[in-house]
Amino acid sequence: QVQLVESGGGAVQAGDSLRLSCAASGRTFSTFSMGWFRQRPGKERDPVAAIIWLTAYTYYADSVKGRFTISRDNANNTVYLQMNSLKPEDTAVYYCKYYSIRQDLEVWGQGTLVTVSS
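Residues numbered from 1 in each chain as written. Predicted model: local features only at pLDDT ≥ 70, side-chain atom pairs only at ≥ 80, totals over all residues. Heavy atoms only, no water.

On to the nonpolar core. In terms of nonpolar packing, the biggest core is built from 31 residues, with Leu4, Met34, Trp36, Val79, Leu81, Met83 and Tyr94 touching the most fellow members. Beyond its immediate stretch of four places on either side in the chain, tyrosine 94 contacts Glu6, Leu20, Trp36, Phe37, Arg38, Val48, Phe68, Leu81, Met83, Gly111, Thr112 and Val114. (Core = buried A, V, L, I, M, F, W, Y, C linked by side-chain atoms within 4.5 Å. Buried < 20%, exposed > 50% of the residue type's maximum accessible area, 1.4 Å probe, protein only. Contact = heavy atoms within 4.5 Å.)

Time to look at the side chain of arginine 38. By secondary structure assignment, the location of arginine 38 is in strand E4 (residues 33-39). Accessibility expressed as a relative area gives 4% for arginine 38, which makes it buried. Among the polar contacts listed, one links the side chain of arginine 38 to the side chain of serine 63, at a separation of 3.3 Å. Looking at arginine 38, its side chain comes within polar contact range of the side chain of tyrosine 94, at 2.9 Å. In contact with arginine 38, not counting residues within four places along its chain, are Glu44, Arg45, Asp46, Val48, Ser63, Val64, Phe68, Glu89, Asp90, Ala92, Val93 and Tyr94. (Helix = DSSP H or I, 4+ residues; strand = E, 2+ residues; numbered from the N terminus. Polar contact = N/O pair within 3.5 Å; in protein donor to acceptor, adjacent residues only side chain to side chain.)

If you trace the four strands from one edge of the open sheet to the other, you get E1-E3-E8-E7, paired in antiparallel fashion. A single partner strand is all that each edge strand has here, and the edge strands are strand E1 (2-7) and strand E7 (68-73). Averaged over all pairs of adjacent strands, the angle between their axes in this sheet comes to 15°, without regard to strand direction. Relative to strand E8 (residues 78-83), strand E3 (residues 18-26) runs antiparallel, the two being bridged by six bridges. (Pairing = 2+ DSSP bridges. Axes fitted to C-alpha atoms, helices over the stretch in contact; angles between N-to-C directions.)

Attention now goes to the environment of glutamine 110. When you line up the elements, glutamine 110 lands in the loop between strand E10 (105-108) and strand E11 (112-117). On the basis of relative accessible area, glutamine 110 is assigned to the partly exposed category, the value being 48%. With 104 residues separating them in the primary sequence, glutamine 110 and glutamate 6 have C-alpha atoms 6.7 Å apart. With near-sequence residues (within four places) excluded, glutamine 110 lies in contact with Leu4, Val5, Glu6 and Tyr95. Here the side chain of glutamine 110 touches glutamate 6 through a polar contact of 3.0 Å, landing on its backbone oxygen.

Here E8 lies mainly inside the structure; five of its six residues are buried. In this sheet, E8 lies alongside E7 in antiparallel orientation, the contact comprising six bridges. Looking at the pairing, threonine 69 lines up with glutamine 82 of E8. Where E7 folds back on E8, the antiparallel hairpin that results is connected by four residues, among which asparagine 77 adopts a positive phi of roughly 50°.

Inspection of the entire model under this criterion finds four aromatic pairs. Both rings, one in phenylalanine 32 and one in tryptophan 53, keep their centres 4.9 Å apart while their planes meet at 25°; by these two values the pair is stacked. Of the two residues, phenylalanine 32 is situated in the loop between E3 and E4 and tryptophan 53 in the loop between strand E5 (45-52) and strand E6 (58-60); the sequence distance between them amounts to 21 residues. Owing to a relative accessible area of 7%, phenylalanine 32 belongs among the buried residues under this scheme. Centroid distance tyrosine 95 to tryptophan 108: 6.5 Å. Interplanar angle 85°. Geometry classified as edge-to-face. (Phe/Tyr/Trp six-rings, centres within 6.5 Å; stacked < 30°, edge-to-face > 60°.)

These results come straight from atomic positions and should not be treated as a statement about function.
Shown next, in the form of structure tokens:
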């Protein structure tokens, strides 16, 4: 029903910026949310940021507040994660997530690797 394609990961130095993109295709409805999770080496997958599509309400993990910004593009059905002032501890595989209570559907992107060197 819904497919997600992520892009934008890469290797950067501390203090640099990256923008991750996640494009959704297939049948989507206005009542859904999208977000970003990350999984550090040896750690569990944790939420980073999320956005409710209809209202644009956003959530951020404390560790990224003030540095990361999640946004949406309705025309392209795409969610972005602008990551500024990157730190080595931000190194992780970042996963995009689509969730809809109405559709009873949860979909994950393939993941994109972000590596931050000091």
